Amino acid sequence: VRIEGATVSLNIVGSRVNISSSRLQGGTKGIALAVGADAVIEHVVISGMSEGGIDASVRSRIKVSDCKIEDVAVYGIQTAKQAVASIRNNQISGAKFGIMLNGEFPPLEGNILDNCEVAIALIQASSGSIVRGNKITNSTVGIGCHQFCSPVIEQNILENCNKGIDCFQGSSPTIQQNRFI
């Protein structure tokens, strides 16, 4: 599937869908998941969005893997509180926020993020949340922890970032075995 220039390329409401091997180009949002949506998103290229790549709202579920998201104005992937998101092995570049997660999440692993203002932004993530094995390059902030965030941040590579890991607003993550270049 190839969709160009739509305001929202794919809008999923209360449905279970698999989206694969597709290209979404231009427009406002690539994929928007509303309450109750359940989506597996694999091998999708999203580019040139004026807002963002993938937006998962409250009580939606997404599994995003092996996708490429580039040149989006605000976010590559963002989740609202109470959304469940598995995000692995994606490439995200040219976004203000590469991945922005609100609340608890399964391990965030194997992603490559480049040229973002904040590559990974975590908001109110619990100690059960894990950020592991991601490569972050050429970003203002590699990983930001906001609002009482306490995830485990381990085995990531942070290269050429102004701030590797930035924690504030009562955050207390466990930071171990990361490489800062």
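Our subject is the structure that appears above.
Residues numbered from 1 in each chain as written. Predicted model: local features only at pLDDT ≥ 70, side-chain atom pairs only at ≥ 80, totals over all residues. Heavy atoms only, no water.

Concerning the side chain of Asn 90
As a reminder, the rule being used: Segments assigned H or I by DSSP are reported as helices when at least four residues long, segments assigned E as strands when at least two residues long, and all are numbered from the N terminus. Polar contact is defined as a pair of N or O atoms within 3.5 Å, subject to the rule that within protein one atom must be able to donate a hydrogen and the other to accept it, and that residues adjacent in sequence are counted only when both atoms are side-chain atoms. What makes two residues a contact is simply this: any of their non-hydrogen atoms within 4.5 Å.
Relative to the elements of secondary structure, Asn 90 occurs in the loop between β10 (84–88) and β11 (91–93). Of note is the side chain of Asn 90, whose polar atom sits 3.2 Å from the backbone oxygen of Val 64. At a separation of 3.1 Å, a polar atom in the side chain of Asn 90 contacts the main-chain carbonyl oxygen of Arg 88. If sequence neighbours within four positions are ignored, Asn 90 has contacts with Val 64, Ser 65, Asp 66, Cys 67, Gly 110, Asn 111 and Ile 112.

Focus on the pattern of salt bridges
We apply this condition: By salt bridge we mean one thing: a side-chain nitrogen of Lys or Arg within 4 Å of a carboxyl oxygen of Asp or Glu. Type-normalised accessible area, obtained with a 1.4 Å probe on protein chains alone, sets the label of each residue: buried when under 20%, exposed when over 50%, and partly exposed for intermediate values.
Summed over the entire model, instances satisfying the criterion amount to 8 salt bridges. Here Arg 16 makes a salt bridge to Asp 38, at a shortest N to O gap of 3.2 Å. Of this pair, Arg 16 sits in strand β3 (residues 16–25) while Asp 38 sits in strand β5 (residues 38–47), placing them 22 residues apart in sequence. Residues Glu 109 and Arg 88 are paired through a salt bridge, measuring 3.1 Å at the closest nitrogen-oxygen approach. Of this pair, Glu 109 sits in strand β13 (residues 108–109) while Arg 88 sits in strand β10, and the two are 21 residues apart along the sequence. Residue class for Glu 109 comes out buried when judged on its relative accessible area of 18%. Take Arg 88: its relative accessible area is 32%, and that puts it in the partly exposed class. One salt-bridge network, in which partners are shared between bridges, spans Arg 88, Glu 109, Arg 132 and Glu 154.

Concerning unusual backbone geometry
In this structure, Gln 124 is a non-glycine residue whose phi angle is positive, near 55°. Topologically, Gln 124 is positioned in the loop between β15 (118–123) and β16 (130–132). A residue is classified by how much of its surface remains accessible, and Gln 124, at 32% relative accessible area, is partly exposed. Even without a glycine there, the phi angle at Asn 138 is positive, about 50°. Within the secondary structure layout, Asn 138 lies in the loop between β17 (135–137) and β18 (141–146).

Details of the state of the cysteines
The test is simple: By convention in this document, the label disulfide applies to cysteine sulfur atom pairs within 2.5 Å.
Under the definition given, this model contains 0 disulfides. Cysteine Cys 116 remains unbridged, with the sulfur of Cys 161 as its closest cysteine sulfur at 9.3 Å. With no disulfide of its own, Cys 167 has Cys 145 as its nearest cysteine by sulfur position, at a separation of 4.0 Å.

Remarks on the environment of Arg 132
Mapped onto the elements of the fold, Arg 132 is located in strand β16. Look at Arg 132 and you get partly exposed, because its relative accessible area is 23%. Separated by 20 residues in the primary sequence, Arg 132 and Val 152 have C-alpha atoms spaced 8.0 Å apart. Ignoring sequence-local partners within four residues, the contact set of Arg 132 consists of Pro 107, Leu 108, Glu 109, Gly 110, Glu 154, Gln 155 and Asn 156. Engagement of the side chain of Arg 132 in a polar contact is seen with the side chain of Glu 109, the distance being 2.7 Å.

A short note on the nonpolar core
The following threshold applies: For this analysis, a nonpolar core means a set of buried residues of the types Ala, Val, Leu, Ile, Met, Phe, Trp, Tyr and Cys, connected via side-chain atoms within 4.5 Å.
Core analysis: the biggest nonpolar cluster contains 44 residues, and Ile 41, Ile 54, Ile 62, Leu 122 and Ile 143 have the highest contact counts within it. Setting aside residues up to four positions removed in sequence, Ile 143 forms contacts with Ile 120, Leu 122, Val 131, Ile 136, Ile 153, Asn 156, Leu 158, Gly 164, Ile 165 and Asp 166. Judged by nonpolar contacts, the second largest core, of 7 residues, contains Tyr 75, Val 118, Ala 121 and Val 141.

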